[in-house]
Amino acid sequence: MPDSPKQVFLLNVGNTNAEYAIAHNGNIGEVNCIPTKELDLSLIPSDIPVAAACVVPSFMEKLKSVNNSVFEVKPGISCGIDFSGFDISTMGADRLANLIYLAETGPSPALCIDFGTAVTFEALGPGKEFKGGVILPGRMLQRKALNDFTAMIPYVNFYHDIPEIGNGTVDSVRVGVDRGIIGSVKEIVERIRNLFPEESLRIVAAGGDAEFFLKYISGLEAAGNNCTLYGINKAWEYYINES
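How each quantity is defined
Residues numbered from 1 in each chain as written. Predicted model: local features only at pLDDT ≥ 70, side-chain atom pairs only at ≥ 80, totals over all residues. Heavy atoms only, no water. Core = buried A, V, L, I, M, F, W, Y, C linked by side-chain atoms within 4.5 Å. Buried < 20%, exposed > 50% of the residue type's maximum accessible area, 1.4 Å probe, protein only. Helix = DSSP H or I, 4+ residues; strand = E, 2+ residues; numbered from the N terminus. Contact = heavy atoms within 4.5 Å. Salt bridge = Lys/Arg side-chain N within 4 Å of Asp/Glu carboxyl O. Axes fitted to C-alpha atoms, helices over the stretch in contact; angles between N-to-C directions. Parallel < 35°, antiparallel > 145°, perpendicular 65-115°, else oblique. Left-handed = near helix turned anticlockwise from the far one by under 90°. Nonpolar A, V, L, I, M, F, W, Y, C, P; charged D, E, K, R; others polar. Pairing = 2+ DSSP bridges. Expected span 1.5 Å × (residues − 1).

1. As for the nonpolar core
Move 1: V73, I81, F83, L96, L99 and I232 are the most contacted members of the largest nonpolar core, which has 36 residues in total.
Move 2: Among the secondary structure elements, those contributing two or more residues to this core are β1 (7-13), β2 (17-24), β5 (50-54), α2 (93-105), β7 (110-115), β10 (202-206) and α6 (227-242).
Move 3: The leading source of residues in this core is α2, at eight residues.
Move 4: Apart from residues lying up to four places away in sequence, I232 is in contact with L10, L11, N12, A51, A52, A53, V73 and A97.

2. So, the pattern of salt bridges
Move 1: By the definition in use, this model includes 14 salt bridges.
Move 2: The shortest N-O distance in the salt bridge between D161 and R174 comes to 3.3 Å. A residue pair is termed long-range when its members are at least 10 positions apart, and D161 in the loop between α3 (139-148) and α4 (169-193) and R174 in helix α4 qualify at 13 residues.
Move 3: Given a relative accessible area of 43%, D161 falls into the partly exposed group.
Move 4: According to the relative accessible area criterion, R174 is buried, its value standing at 7%.
Move 5: Taken together, the salt bridges that share partners define one network made up of R139, R143, D178 and D209.

3. Points about the packing of α3 against α4
Helices that pack against each other are described as a pair by the angle of their axes relative to one another and the distance between those axes.
Move 1: It is the contact of α3 with α4, at a shortest axis distance of 10 Å, that shows an interaxial angle of 140°. Our classification of the angle between α3 and α4 gives oblique. Between α3 and α4 lies a crossing whose hand is right-handed. Counting all contacts with α3, which are made through R139, Q142, R143 and L146, the residues of α4 involved are V173, R174, V177, D178 and I181.
Move 2: Residues belonging to the contact of α3 with α4 are distributed by class as follows: four nonpolar, one polar and four charged.

4. Let's talk about unusual backbone geometry
Move 1: Residue P109 is bonded to the preceding S108 through a cis peptide linkage, with omega at 15°.
Move 2: Locating P109 in the fold gives a position in the loop between α2 and β7.
Move 3: With a phi angle near 50°, N25 is a residue other than glycine that sits in the positive phi range.
Move 4: Structurally, the position occupied by N25 is in the loop between β2 and β3 (27-28).
Move 5: N25 sits in the exposed class, given a relative accessible area of 59%.
Move 6: Of note in this structure, K128 is not a glycine but carries a positive phi near 60°.
Move 7: For K128, the location among the structural elements is in the loop between β8 (118-124) and β9 (130-137).

5. Focus: the sheet that holds β7
Move 1: Strand order in the open sheet formed by five strands is β9-β8-β7-β10-β11, with mixed pairing between adjacent strands. If you trace the sheet from one side to the other, it starts and ends with β9 and β11 (221-222), each paired once.
Move 2: Strand direction decides the pairing type here: β10 and β11, joined by two bridges, are parallel. Bridging from a neighbouring strand, A205 pairs with A222 of β11.
Move 3: Packed onto the sheet, α2 meets β7, β8, β9 and β10 and runs at close to 40° relative to β8.

6. Looking at α6
Move 1: For α6, spanning 16 residues, the distance from its first C-alpha to its last is 23 Å, which sits close to the expected 22 Å at 1.5 Å a residue.
Move 2: For α6, every residue scored as buried is listed here: C227, T228, L229, G231, I232, N233, K234, A235, W236 and I240.

7. Topic: the side chain of D209
Move 1: Mapping D209 onto the fold places it in the loop between β10 and α5 (210-216).
Move 2: Taking relative accessible area as the criterion, D209 reaches 13% and is therefore assigned buried.
Move 3: Ignoring any residue separated from it by four or fewer positions in sequence, one finds D209 in contact with F115, R139 and F158.

8. Structural notes on α4
Move 1: Taking 1.5 Å per residue, 25 residues should reach 36 Å; α4 reaches 36 Å between its end C-alpha atoms and fits that length.
Move 2: For α4, the set of buried residues is V173, R174, V175, V177, D178, I181, I182, V185, I188, V189 and I192.
Move 3: Its buried side turned inward, α4 meets β7, β8, β9, α3, β10 and α5.

As structure tokens, this is what we get:
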């Protein structure tokens, strides 16, 4: 078996933002975050291996055209999780990486909620078996939909506070979207909690909008800014150890 590389460049490409870092012997260094539209191949080193999770197929195609040795997190890779009974052929790479994070970092049953462009839920059973997932539009996407599909509702910026009721259109959107999505997340969490009636459910909050939800929903564990990158790194380690 070849020696594992000491360094690997980790890349997580989301619909809105991309984050990247270099891992040294499994330890993730400084995490950088930029808008995905500004992600350029010149940022990616050519002298160390690259491991990537990407939900933007056009970028992954471009990346592989210049570096065909990129390790891609995708359904079917070895990761120590039991997916029996589930069709994960279309599971996003970020969702898979988040599940690997859950499996490698703490007790289960566990739930990872990634608050990004979409809000995704991944449930892991006590034996590291996948229990299913949920996807709903995030705060930005809901705001954009209201703006795109109505004639008079503006796009409303993010705020960390929420009015009790709207005084004008902007505040009405803030109440409707922000309180609505908080309620949706709580309802989904309770439904998933019911899958494990005899056990304590660990709930991890990840993603760029996690800070907002940590303020309004109790019982969430902050994953920090390297949850998905951690999962990518562990997937890479599985791959190297099997090579």
